[in-house]
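Inside the fold
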Amino acid sequence: MNNKNLTGEVYYPSEEVINKSHIKDWDELNNRAKKDYQSFWAERADELHWFKKWDKVIDDSNKPFYKWYTGGKTNIVYNCLDIHVKTFRRNKLALIWEGENGDTKTFSYYALHRETCKFANVLKSMGVQKGDRVTIYMGRTPEIVIAMLACARIGAIHSVVYGGFSVESLSERIEDSNSKVLIVADGAYQRGKIVPLKQIADEALQRCGTVEHVLVVKRTGQEINMEFGRDMWYHELINLPIATQHCALEIMDAEDPLFILYTSGTTGKPKAILHTHGGYMVGVHSSLKYVFDIHEEDRYWCAADPGWITGHSYIVYGPLLNGTTSFMYEGAPNFPYPNRWWQMIEKYGINILYTAPTAIRGLMRFGESWVNRHDLSSLRLLGSVGEPINPEAWKWYYRVVGKEKCPIMDTWWQTETGMFMITPMPSVPLKPGSGTRPFPGIEMDVVDENGNSVKPNEEGFLIIKTPWPSMIRTVYKDPERLVQQYWSKYPGVYLTGDSARKDEDGYFWIIGRVDDVIKVSGYRLGTAEIESALVSHNTVAEAAAIGLPHEVKGNAIYAYVILRAGIEKTPTLIEELRQHVSHEVGPIAKPENIEFVDTLPKTRSGKIMRRVLKARALGQDPGNISTLEE
Ligand code: WTA
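These lines cover the structure that appears in this document, whether it is placed above or below. The structure displayed is predicted, hence computed values, not measured ones. Just so you know, the residues in each chain are numbered from 1, in the order the chain's sequence is written. Local features in this predicted model are restricted to residues whose pLDDT is 70 or higher, and side-chain atom pairs enter the listing and the counts only when it is 80 or higher, whereas totals over whole chains, interfaces and linings include all residues. The side-chain quantities take in all heavy atoms of the structure and omit both hydrogens and water.

**Topic: the pattern of salt bridges**
Each reported salt bridge corresponds to a side-chain nitrogen of Lys or Arg within 4 Å of a carboxyl oxygen of Asp or Glu. By the definition in use, this model includes 51 salt bridges. Between lysine 455 and glutamate 458 there is a salt bridge, with the nearest N and O atoms lying 4.0 Å from each other. Connected through salt bridges with shared partners, the residues Glu28, Arg32, Glu43, Arg44, Glu47 and Lys289 form a single ionic network.

**Observations concerning the packing of helix α4 (residues 76-85) against helix α11 (residues 309-321)**
Interhelical geometry of α4 versus α11 gives an angle of 55° and a closest axis separation of 8 Å. With respect to α11, the element α4 is oriented oblique. Relative to α11, α4 is oriented so that their crossing is left-handed. Packed against α4, whose contacting residues are Ile76, Asn79, Cys80 and His84, the element α11 presents Tyr317, Leu320 and Leu321 at the interface. Each residue is assigned to one of three groups, with Ala, Val, Leu, Ile, Met, Phe, Trp, Tyr, Cys and Pro labelled nonpolar, Asp, Glu, Lys and Arg labelled charged, and all others, Gly among them, labelled polar. Grouping the constituent residues of the contact of α4 with α11 by class yields 5 nonpolar, 2 polar and no charged. Lines fitted to C-alpha atoms define the axes, with helix axes restricted to the stretch in contact, and inter-axis angles between N-to-C directions lie between 0 and 180 degrees. By definition, any uninterrupted DSSP run of H or I lasting at least four residues is a helix, any uninterrupted run of E lasting at least two residues is a strand, and each is numbered from the N terminus. Roughly parallel refers to an angle under 35 degrees, roughly antiparallel to one over 145, roughly perpendicular to one between 65 and 115, and oblique to any angle outside these ranges. Note: crossing handedness is left-handed where the near helix turns anticlockwise from the far helix by less than a right angle, and right-handed where it turns clockwise. Contacts are residue-level and defined by heavy atoms, with any inter-residue pair within 4.5 Å sufficient.

**Some remarks on the side chain of threonine 220**
Assignment of secondary structure puts threonine 220 in the loop between β11 (213-217) and β12 (231-233). The contacts of threonine 220, once residues within four sequence positions are left out, are Asp186, Gly187, Ala188, Tyr189 and Ile194.

**Brief notes about the site of the ligand**
Distances are taken per atom, and a residue is near a molecule or strand as soon as one of its heavy atoms is within 4 Å of it. In the vicinity of the ligand there are 17 residues, among which Asp410, Thr411, Thr415, Arg513 and Arg524 approach most closely. The backbone of glutamate 387 places a nitrogen or oxygen atom 3.3 Å from a nitrogen atom of the ligand. The side chain of lysine 519 places a nitrogen or oxygen atom 2.8 Å from an oxygen atom of the ligand. Here the ligand, which alone exposes 520 Å², has 97% of that area covered by the protein. Pairs of N or O atoms within 3.5 Å make up the polar contacts considered here, provided that, within protein, one atom can donate a hydrogen while the other can accept it, and that residues adjacent in sequence are counted only when both atoms are side-chain atoms. Calculation of accessible area relied on Shrake-Rupley with a 1.4 Å probe; when residues are assessed, cover is drawn exclusively from the protein chains displayed.

**Focus: the environment of arginine 610**
Along the chain, arginine 610 turns up in helix α19 (residues 610-617). Relative accessible area decides the class of each residue, using a 1.4 Å probe on protein chains only: under 20% of the type maximum gives buried, over 50% gives exposed, and in between gives partly exposed. On the accessibility criterion, arginine 610 (16% relative accessible area) is buried. Distance in space between the C-alpha atoms of arginine 610 and alanine 544 is 7.1 Å, their sequence separation being 66 residues. Contact partners of arginine 610, with chain neighbours within four places excluded, come to Asp516, Thr527, Glu531, Ala545 and Ile546. Among the polar contacts made by the side chain of arginine 610, one reaches the side chain of aspartate 516 at a distance of 3.0 Å.

See below:
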């Protein structure tokens, strides 16, 4: 591939990059994987520790409920921590953390193992057992990582709710998962202010009745309500004799659940995507190793939030499985100044930076001089995730941040896929704006309405044709939704919900979502959640939300509202409704603007035609409106 003349604007990797990288010949690996993907994934699994080896790599007897590594026994935490503690890595830094206020903490693998065991013992003392769900609602601090690992160590299923979500989002996720324990921080620092996480949680807990114990981690230290008998301080429990640093690890079946993570879908409530110990571990370990080309001496920084899949796979599990040193930062990229990130890259000597296009576009606005003040020569690889990266941002990232020597790994994947699916590797020639090709062992295509491959450069539906180890196992408590949402449009094929093009070189170009999911600053939100928050306000009769292009955020939310009879349309009410969405769903879901309307375009069966609203807002032709009700 390297010698081939590719079409369009191509950035070929340097000899230096190729020589350093684990995979020098992508084509060779890919051909091998294509010939026999089961052996390929068996080899990947062999790189990790199993208490008992699997009988079968894949069991597809009950499609689309695929099982991987059946009969295998493991625990992802054993491979994240215990295995390293037995080697020289026990003294290696697992985590370097900097708070927004400048606090720092570091954990060696030994320390992270110890803290995880202590935390796990606290959870056990609260009655948490294998298979129980535990909700975690915290900011970006080391304790969130420890909490997740502690759950997994004893076989409990964690359900992390992003700290940027608010009352209703948290409450419905706690209720749906039936969590008896909630782990929460008192607050989180964000742009110098405190996000009152515990206060939000208190309000959420009034709306749901499952939680018996609340474990509170102190971060911001402001006065909070502690309900007697329900709420307990983590720093107190961790010092009790029960919290010893030894905690037996639960031996898990490969297919035992590891976590659920709620994500927005086409309709209705967010769904809980379920991942398991075995297959998820293999997918995440090998994808991070090959794509970000992890070497022993690396310092790796994934600037996402642990509350989203990117954080689960590539802040928590992936880096630890690879025994690497991760950096984690609590706050906003431009606080207090737009050089905060660049300063920390220099200070800690970061080699790999993985972030989202929205962050790059946001920092790009402040100009190059903020970047150029710092020595970023430690950087070797850059990464992008969450939404399509526009070529302009790609080139800025490449030239100004990477100094034209760091390849950009534009990784396409989803909560449901668990791991990178379309992604370059350092030795692969790049085209700005394309994630290049599927990871070895994975076959994908772009198809038309009938499932036929479209011609090069034509737009179509992005699909996945082969199963992969870290694939979604089920929608928790709603298996029918797995079938109906992902596997029913085309038989035997996984529907991603994205539209894309494939060029003449087989490179994929993602266009965006084709369903009612909106990507705001890379965060995934559903129109249904925003609309249901709006109609929960006592002045609103009906609402419709759409995403419109935004220079920094990628998309911004616009909402159309029909007020109840007799309610006056005032600018104050618009502001109140925006605040209401922020309070119910979270600040990330706050509409950019709300417009009062008297009718909404609907189909005869009463479905809102958001496509028509979008076309109107963009001044475009709404296309086929034959199903529009008069
Ligand atoms: C979008 C995030 C273009 C896509 C890991 C997908 C991307 C959705 C990219 C999943 C990328 C993610 N280029 N689009 N590199 N990465 N997406 O579940 O629309 O939060 O379907 O997972 O993000 O969002 P999710």
